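Chains, contacts and geometry: an overview
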Amino acid sequence: MVILGIESSCDETAAAVVRDGRVLLSNVIASQVDVHARYGGVVPEIASRKHIEAISPTILRALADAGLTLDAVEGIAVTQGPGLIGSLLVGLSMAKAIAFSRRLPLVGVNHLEGHVAAIFLTPDPPPFPFIALVVSGGHTTIYRVEGFGRFALMGQTRDDAAGEAFDKAAKLLDIGYPGGVVIDRLAREGDAGAMAFPRGMRDSLDFSFSGLKTSLMVMLKKRGVPFSGRELNDAAASYQEAIVDVLVEKTLRAASMAGAKRIVVCGGVAANSRLRDRFRGDAAAEGMEVFIPPPVLCTDNAAMIAVVGTHLLEQGRRDGLGLNAVSRWPVAG
Ligand code: KG4
Ligand code: ZN
């Protein structure tokens with residue numbers, strides 16, 4: 001089954017063509033990062049307008065890259081939520097228009113389920129069940145995943161998401177946007193033990209990152225002058241290590257509590273090079289296998305949406321043209 005995926009929940013306009021929920025035929029991502037960078041974060045109104053400009057060329061490009069026309073497409077999968085409503089509506093409207101005019105089945109997909117499903121586009125995906133850590137700009141959650149759509153919540157953030165912790169620190173340090181990417185790069189030349197940052201909620205599988213952000217703020221206030229040079233590298237590495245420490249530690253603990261031997265790490269923050277290295281090393285030491293999609297499939301993309309859509313369509317799910325965007329949509333209670 002050849003499925004066209006469409007994703008527009010935040011600041012990337014994305015389209016992809018996937019065959020049989022496994023084979024990536026094309027994956028086009030039009031990023032708005034440059035537009036939002038000057039505001040230090042995503043401006044929802046601007047994001048919707050940019051999606052409108054980018055959506056048609058992005059879909060046409062995805063079809064061209066796959067070497068196909070719409071005649072070959074057998075279904076449309078689109079992100080329905082969670083995300084920015086104005087942004088989601090652009091993808092949804094386009095998906096509905098194509099489905100209606102081409103008489104194709106349409107299905108709305110949960111973005112978080114999409115992040116987890118990205119792993120099925122890798123050559124050697126894990127069988128169910130597994131533990132999944134979803135770490136993105138809006139979510140930091142540990143699930144036990146039994147199958148498609150079968151998620152049990154094990155832990156989640158009580159305040160900021162891990163991606164937010166990166167982005168807010170980058171704003172405080174005045175080093176650019178999106179923060180995760182810049183901190184990742186600066187941290188490579190830094191000493192992760194140089195500065196002490198707190199690790200929140202050590203005894204729980206839930207996360208808290210707001211204290212970490214506050215401690216950086218207090219540190220900067222006390223200093224009076226911004227970090228630069230070597231010290232900036234050290235600050236980035238130390239701050240990043242505090243986030244990575246709790247993500248790795250709690251996910252491994254959740255896996256051992258659930259008796260799971262396989263862990264999937266996904267979402268934008270899973271593109272972080274230190275997080276990838278630490279998970280690989282620490283999981284192996286505990287006799288667990290860790291699966292992480294390549295960075296381009298960790299950050300927002302439409303291929304992951306097409307994978308979930310394929311399974312939903314195979315199960316017989318069809319959404320009507322009344323399909324609406326949802327801003328909050330947990331995959332597990
Ligand atoms: O999954 P995603 O692309 O969008 C959401 O669904 O939120 O995740 C975006 C988040 C941002 O907070 C960004 O700073 C973070 O992922 N991110 C990273 C890296 N690349 C993206 N964080 C740490 N290290 C990275 N290399
Ligand atoms: Zn995402």
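Above this note sits the structure.
Okay, so let's go over this structure.

Thresholds, definitions, all that
Residues numbered from 1 in each chain as written. Chains lettered and ligands numbered in written order. Predicted model: local features only at pLDDT ≥ 70, side-chain atom pairs only at ≥ 80, totals over all residues. Heavy atoms only, no water. Helix = DSSP H or I, 4+ residues; strand = E, 2+ residues; numbered from the N terminus. Contact = heavy atoms within 4.5 Å. Near = heavy atom within 4 Å. Polar contact = N/O pair within 3.5 Å; in protein donor to acceptor, adjacent residues only side chain to side chain. Areas by Shrake-Rupley, 256 points an atom, 1.4 Å probe, with all protein chains shown as cover. 1 Å grid on protein atoms, 1.4 Å probe; cavity = no way out; pocket = protein on both sides within 12 Å on 5 of 7 lines; lining within 4 Å. Points joined across faces, edges and corners; volume = space filled by probe spheres on them. Nonpolar A, V, L, I, M, F, W, Y, C, P; charged D, E, K, R; others polar. Salt bridge = Lys/Arg side-chain N within 4 Å of Asp/Glu carboxyl O. Buried < 20%, exposed > 50% of the residue type's maximum accessible area, 1.4 Å probe, protein only.

**Focus: the environment of T141**
Looking at where T141 falls in the secondary structure, it is placed in strand β7 (residues 140-147). A C-alpha to C-alpha distance of 16 Å links T141 and I119, two positions 22 residues apart in sequence. Setting aside residues no more than four positions away along its own chain, T141 makes contact with A132, L133, V134, L153, G155 and Q156.

**Quick word on the site of ligand 1**
In the region of ligand 1, 17 residues are neighbours, and G137, D167, D184, G268 and N272 sit closest. The contact in question runs from an oxygen atom of ligand 1 to an N or O atom on the side chain of H115, over 3.1 Å. Between ligand 1 and N272, the relevant distance is 3.0 Å, taken from a nitrogen atom to a side-chain nitrogen or oxygen of the residue. The fraction of the free accessible surface of ligand 1 (560 Å²) that becomes covered by protein chains is 88%. Counting residues per element, the ones that place at least two in the shell around ligand 1 are α4 (111-117), α5 (162-173) and α6 (179-187).

**Let's talk about empty space enclosed by the protein**
For the structure shown, the criterion picks out one cavity of 30 Å³ or more. What the largest cavity holds in volume is close to 50 Å³. If you trace the largest cavity, you find it lined by E113, V116, A117, F120, F128, V145, G147, F148, F151 and V308. Listing elements by their share of the lining of the largest cavity, those giving two or more residues are α4 and β7. For the lining of the largest cavity, the element with the highest residue contribution is α4, accounting for three residues. Looking at side-chain class alone, the lining of the largest cavity contains eight nonpolar, one polar and one charged residues.

**Brief notes about the pattern of salt bridges**
Following the criterion strictly, the structure yields 20 salt bridges and no others. A salt bridge links D65 to R61, with the shortest nitrogen-to-oxygen separation between them at 3.2 Å. You can see D65 and its partner R61 sitting in helix α2 (residues 44-66), four residues apart, about one turn around the helix. For the salt bridge of R274 with E241, the shortest nitrogen-to-oxygen distance reads 2.8 Å. Of this pair, R274 sits in helix α9 (residues 273-285) while E241 sits in helix α8 (residues 229-258), placing them 33 residues apart in sequence. Judged by its relative accessible area of 8%, E241 falls in the buried class. Residues joined in a network through salt bridges with shared partners are R199, E241, D245, R274, R278 and D282.

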